[in-house]
2 protein chains.
Amino acid sequence: MNSSHRAVFKFEITHQHSHSRARLGVLTTPHGTIDTPVFMPVGTQATVKALSPEDLEDCGAQIILGNTYHLYLRPGHEVIQKLGGLHRFMNWSHPILTDSGGFQVFSLNNLTKISDEGVAFQSHIDGSSHLLSPEKSMEIQMALGADIIMTFDEPTPHDADRAYTQKSLELSTRWAKRCREAHRQDHQQLFGIVQGGMFKDLREESAKQILDLDLPGYAIGGLSVGEEKSQMLDLAAHTAPLLPNDLPRYLMGVGTPNDLLQCAQMGIDMFDCVMPTRNARNGSLFTSEGKINIKNSKYKTEDLPLDPQCACYTCRNYSRAYLRHLFVADEILAMRLNSLHNIAFFQTWMTGLRRAIQRDQPIDWSFPENNEETLNED
Amino acid sequence: MNSSHRAVFKFEITHQHSHSRARLGVLTTPHGTIDTPVFMPVGTQATVKALSPEDLEDCGAQIILGNTYHLYLRPGHEVIQKLGGLHRFMNWSHPILTDSGGFQVFSLNNLTKISDEGVAFQSHIDGSSHLLSPEKSMEIQMALGADIIMTFDEPTPHDADRAYTQKSLELSTRWAKRCREAHRQDHQQLFGIVQGGMFKDLREESAKQILDLDLPGYAIGGLSVGEEKSQMLDLAAHTAPLLPNDLPRYLMGVGTPNDLLQCAQMGIDMFDCVMPTRNARNGSLFTSEGKINIKNSKYKTEDLPLDPQCACYTCRNYSRAYLRHLFVADEILAMRLNSLHNIAFFQTWMTGLRRAIQRDQPIDWSFPENNEETLNED
């Protein structure tokens, strides 16, 4: 990291929680500052599904995530670069983080072929052949122009054995080095990713290798990929303290409201997950009383807001009865109102978490996970 | 019409165009005033597809249309009544007009059975049996609570012969009388509908019968139902002057930008059509240069707004390249941005028309209909 990086980027820990490893931070980027711990909504294809940039601002979103794999295939990173980069293309003036494409190239393709050079795959859209390599991932991410970009790696499958996991993490380290060499843009910060699968000692080994790269932030990758929740939490708790205390820590692809509370207390600062938007599109909505399924016939004439505790646009203006009607009638507005609410719920959830950290209060609440109602459709 | 109607409702003609029968008017309703000639976006299922009420306000929409047939079947008029009526249910505080259900009951069902009592049909959603009658249509429309409601009638098929058309218009007159008797809400205004199919003398006969009901506004129904454009225009031109000059005239289901110009010059004040929203969802967008198909690969890297002449949210903030990307990637935001633009285009189009009437300028422009580009998808 050269000095001009340091001029634009900064991570300041403003408060250390007295009850846990949780901390409050301010991450400064060229497109603004971010209060951490932060939840980042996922904007896969240059849009957080169903929401406009103003909707996202209204929800309190501070930073969103873009997917390198998807944007490379469609519309193509050169197109986005020609249009002025991802921020301008999608009209989002706040920070963006792009992933490296490593996760999707494996999860969306059956016919990948890994070599030291990179990953050969066929497009899930039209079957065309492509090679994603560390250099290619950097080329794409530099063209997209996100504030924070990620090293290209292999997220080791959760059922990989020790030998495979060892080989995989070493490959990821070699690729991360090539990423660092290929990355030459001062207005972007490159984060490294710790792999090591389900093996604590391999997590340590990966952390040691990746930390050698002297990057300005580190992520924990390869979790929440099919393993048990308890194992995910155990490995996150084991890995987080291996990462430098003064740099931002990012747990990729996590998680539920309770995951966010627990992992923040491990000292993790950044999270992303498709859960709020995907659930919203399926009618599963987060409220202060737990999840509700808006299809349920019991909401047919209910005049209450989705969540009487929520101040989002959806809750300020619409009844459960109306939201149920829109969803059952397959109306496009349902997707927007539901997504807006779920993202607002996650943002408010993080605000509550940050407030408790600030006030040194114990984080002794949780999201009611087990009250899912019986779905009664009529 | 009793005196309290007159207190809430008013139609004032504020200017008569010197070049045509077009006129400027102000229609006052309990939910606000409407400048005529007016184009009403269609909100079939208690939402103008893909748009929020704020989006519609932003587009300049003054009044929207709701569909009695759809809202009766889902979520049910009693549900909407219980939730405070259609305005509150959908969070739209401006005027609403509901149709009678007559059009959809025929166009969406194959197994309708007409008797003097009404129309028996099976729901297009679940096959359940229903009877829509003049009294039922009034019951539903009173429960919905729109500012302007319509008499229940049979829109005669465009290929009906003279004998059928004659019988049909007489049935519609009997039904209209029953509607007037069943309608007892001062805060709603009931408009009558002239039928008579493709026969000018039968249009005259229908107009005479319907005008006898002494209603506060009249529509021309049963046009734009499959006949030639020239025939539609000819029949509209023949029928419009049969309606009282001092009352609002509404041409149902019309039309294209050029139809709106031509029919306004016949002295018609109100229009509705699904075209702007339906086209938007198919990627067909209205611009000052003509229609464009946003799927076209020539827009792949085009940094221009959809319509550089347009001041709508979509055109202020997004490039053609981005709109193409969203549409091709099947993103929900495409539906919203496209619909918003097309509705804004229609509203701006009407503003231009009203301005020309006000200034007594000839309405000598037209929408370029024949420049549809070759669709080249890549």
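What counts, and at which threshold
The residue count restarts for each chain, going from 1 along the sequence in the order it is written. Just so you know, chain letters begin at A and ligand numbers begin at 1, following the order they were written in. Local features in this predicted model are restricted to residues whose pLDDT is 70 or higher, and side-chain atom pairs enter the listing and the counts only when it is 80 or higher, whereas totals over whole chains, interfaces and linings include all residues. Secondary structure elements are defined from DSSP: runs of H or I of at least 4 residues count as helices, runs of E of at least 2 residues count as strands, and each element is numbered from the N terminus. Our radius of gyration looks at C-alpha atoms and nothing else; its globule reference is 2.2 Å times the residue count to the power 0.38. Backbone-placed C-beta atoms define the burial measure: a residue is buried with 20 or more other C-beta atoms within 10 Å of its own, exposed with 12 or fewer, and partly exposed in between. The contact criterion used is a C-beta to C-beta distance within 7 Å, with each C-beta placed from the backbone. The nonpolar class holds Ala, Val, Leu, Ile, Met, Phe, Trp, Tyr, Cys and Pro. Asp, Glu, Lys and Arg form the charged class, and all remaining residues, Gly among them, are polar. A set of buried residues drawn from Ala, Val, Leu, Ile, Met, Phe, Trp, Tyr and Cys, joined through C-beta atoms within 7 Å, is what defines a nonpolar core. DSSP-based pairing: two strands are paired if at least 2 bridges between them are found. Throughout, an axis means a line fitted to C-alpha atoms (over the contacting stretch in the case of helices), and angles, computed between N-to-C directions, take values from 0 to 180 degrees. Geometric relationships in this document are graded by angle, where less than 35 degrees denotes roughly parallel, more than 145 denotes roughly antiparallel, 65 to 115 denotes roughly perpendicular, and other angles denote oblique. Should the near helix be turned anticlockwise from the far one by less than a right angle, the crossing is termed left-handed; should it be turned clockwise, right-handed. C-alpha atoms of residues with pLDDT of at least 70 in both copies form the basis for the least-squares superposition of the copies. The start and end points of each domain follow an automatic or database-based domain assignment. Note: pLDDT gives the predictor's confidence per residue, expressed from 0 to 100. Here the expected length of a helix is defined as 1.5 Å per residue gap, with one fewer gap than residues. Note that the arc is computed from the directions linking the helix axis to the C-beta atoms.

Moving on, we come to the overall build of chain A. Regarding its fold elements, chain A presents 15 helices and 17 strands. Its C-alpha atoms give chain A a radius of gyration of 20 Å, within 12% of the compact-globule value 21 Å for 378 residues. Principal-axis analysis of the C-alpha atoms places the extent of chain A at approximately 60 × 50 × 45 Å. Going through the 378 residues of chain A one by one, you find that 54% of them count as buried.

A common measure of how large an interface is: the accessible area buried when the components associate. Listed as interface residues are 31 residues of chain B and, on the opposing side, 31 residues of chain A. Only helix 4 (77-82), helix 5 (86-90), helix 14 (320-328) and helix 15 (332-358) of chain B provide two or more residues apiece to the side of chain B that touches chain A. Element by element, the count of residues in the side of chain B that touches chain A is highest for helix 14 of chain B, at 5 residues. Split by residue class, the side of chain B that touches chain A holds 16 nonpolar, 8 polar and 7 charged.

Leu-251 of chain A together with Leu-251 of chain B are the most contacted members of the largest nonpolar core, which has 213 residues in total. Aside from chain neighbours lying at most four places away, what touches Leu-251 of chain A is Ile-220, Leu-223, Ala-236, Cys-263, Ile-268 and Phe-271 of chain A.

With that out of the way, let us pick up the sheet that holds strand 6 (residues 64-66) of chain B. Residue and element names in this part refer to chain B. The parallel open sheet is built from 9 strands, whose spatial order is 4-15-14-13-12-11-7-6-5. Every other strand in the sheet has two partners, leaving strand 4 (38-40) and strand 5 (42-43) as the edge strands with one partner each. Where strand 7 (residues 96-98) lies against strand 11 (residues 148-150), 2 bridges are found, and the strand directions are parallel. What sits directly across from Thr-98, in strand 11, is Ile-149.

Another point: the packing of helix 9 (residues 200-211) of chain A against helix 10 (residues 229-239) of chain A. Residues and elements named next belong to chain A. For the pair helix 9 and helix 10, the least separation of the axes is 10 Å and the interaxial angle reads 40°. As far as their axial angle goes, helix 10 and helix 9 are oblique. In this structure, helix 9 meets helix 10 at a crossing whose hand is right-handed. In contact with Lys-200, Arg-203 and Ala-207 of helix 9, helix 10 contributes Leu-235, His-238 and Thr-239. Residues that form the contact of helix 9 with helix 10 fall into these classes: 2 nonpolar, 2 polar and 2 charged.

All right, on to the packing of helix 14 (residues 320-328) of chain A against helix 15 (residues 332-358) of chain A then. All names here are of chain A. For the pair helix 14 and helix 15, interaxial distance at closest approach is 7 Å and the crossing angle is 130°. If you check the angle between helix 14 and helix 15, you find them oblique. In terms of crossing hand, the pair formed by helix 14 and helix 15 is left-handed. Together, Leu-323, Leu-326 and Phe-327 of helix 14 and Leu-333, Ala-334, Leu-337 and Asn-338 of helix 15 make up the contact between the two elements. The residue inventory of the contact of helix 14 with helix 15, partitioned by class, reads 6 nonpolar, 1 polar and no charged.

This paragraph deals with the relation of the copies chain B and chain A. Both copies of the chain are related by a screw-like operation: a rotation about an axis and a shift along it. Of the transformation superimposing chain B on chain A, the axial component is 0.0 Å and the angular component is 180°, with the fit at an RMSD of 0.0 Å. In short, the pair behaves as if placed about a two-fold rotation axis. Minimal C-alpha separation from the rotation axis in chain B is found for Ile-332 of chain B, amounting to 3.6 Å. Here 100% of the contact residues of chain B are again contact residues in chain A; the copies associate through an equivalent surface.

What follows deals with the domain arrangement of chain A. All names here are of chain A. As far as domains go, chain A holds domain 1 (8-273) and domain 2 (282-358). Spacing between the C-alpha centres of domain 1 and domain 2 amounts to 28 Å. Elements that contribute at least two residues to the side of domain 1 that touches domain 2 include exactly strand 2 (23-29), strand 4 (38-40), helix 2 (53-59) and helix 11 (257-264).

Okay, helix 11 (residues 257-264) of chain B next. For helix 11 of chain B, the tally of buried residues reaches 7 of 8 residues, placing the bulk of the element in the interior. Packed against the buried residues of helix 11 of chain B are strand 4, helix 10 (229-239), strand 14 (249-251), strand 15 (270-272), strand 16 (284-287) and helix 15 of chain B.

With that settled, consider the confidence of the model for chain A. All names here are of chain A. Per-residue confidence for chain A averages 95 on the pLDDT scale, and 96% of its residues sit at or above 70. Of the regions scoring below 50 in pLDDT, residues 1-6 engages in 7 contacts with residues more than four places distant in sequence or in other chains. Prediction confidence for the complex, expressed as pTM and ipTM, is 0.96 and 0.96 respectively.

Further remarks concern unusual backbone geometry. Residues and elements named next belong to chain A. Put simply, Arg-74 and Pro-75 share a cis peptide bond, and its omega is 10°. Residue position: Pro-75 is located in the loop between helix 3 (68-73) and helix 4 (77-82). Positive phi, close to 60°, is recorded for Asp-330, a residue that is not glycine. Mapped onto the elements of the fold, Asp-330 is located in the loop between helix 14 and helix 15.

In regular strands, side chains alternate between the two faces of the sheet. All names here are of chain A. Inspection of the sheet shows strand 2 paired to strand 3 (residues 32-36) by 5 bridges, in the antiparallel sense. Note on strand 3: the bridge partner recorded for Gly-25 is Thr-36. Hairpin connection of strand 2 to strand 3: 2 residues between the antiparallel strands.

Moving on, we come to the sheet that holds strand 10 (residues 129-132) of chain B. All names here are of chain B. As summarised here, the arrangement of the 3 strands in space is 8-9-10, forming an open sheet in which the pairing is antiparallel. Both outer strands of the open sheet, strand 8 (113-114) and strand 10, are each paired with one neighbouring strand and no more. Both strand 8 and strand 9 (residues 119-122) contribute to a ladder of 2 bridges, which runs antiparallel. In the sheet register, Lys-113 faces strand 9, and the bridge partner there is Ala-120.

What follows deals with helix 9 of chain A. All names here are of chain A. The end-to-end C-alpha separation of helix 9 is 16 Å, in line with the 16 Å expected for 12 residues at 1.5 Å each. For helix 9, the set of buried residues is Leu-202, Arg-203, Ser-206, Ala-207, Gln-209 and Ile-210. Burial along helix 9 is one-sided: seen end-on, the buried residues are contained in an arc of 165°. Away from the buried face of helix 9 by more than 90 degrees, exposed residues Asp-201 and Lys-208 are located. Looking at the buried residues of helix 9, the elements they touch are helix 8 (162-182), strand 12 (189-194), strand 13 (218-220) and helix 10.

We now examine the pairing of strand 1 (residues 10-16) of chain A. Residue and element names in this part refer to chain A. As defined by bridge partners, strand 1 adjoins strand 2 across 6 bridges and the pair is classed as antiparallel. Each bridged residue has a counterpart across the sheet, and for Lys-10 the counterpart in strand 2 is Thr-28. Connecting strand 1 to the next strand, strand 2, in antiparallel fashion are 6 residues.

Before going further, it helps to spend a moment on the environment of Met-232 of chain A. Residues and elements named next belong to chain A. Residue position: Met-232 is located in helix 10. What makes Met-232 buried here is the crowd of 24 C-beta atoms within 10 Å. Sequence separation between Met-232 and Leu-304 is 72 residues; the distance between their C-alpha atoms is 37 Å.

Let us look at the environment of Glu-369 of chain B. Locating Glu-369 of chain B in the fold gives a position in the segment after helix 15. Residue classification places Glu-369 of chain B among the exposed residues on the basis of 11 C-beta atoms within 10 Å.

What follows covers the environment of Ser-319 of chain A. Assignment of secondary structure puts Ser-319 of chain A in the loop between helix 13 (313-317) and helix 14. Assessed through the 21 C-beta atoms surrounding it within 10 Å, Ser-319 of chain A is described here as buried. Between the C-alpha atoms of Ser-319 of chain A and Lys-291 of chain A, which are 28 residues apart in sequence, the distance is 16 Å. Not counting chain neighbours up to four residues away, the residues in contact with Ser-319 of chain A comprise Glu-302, Asp-303, Leu-304 and Pro-305 of chain A together with Leu-83 of chain B.

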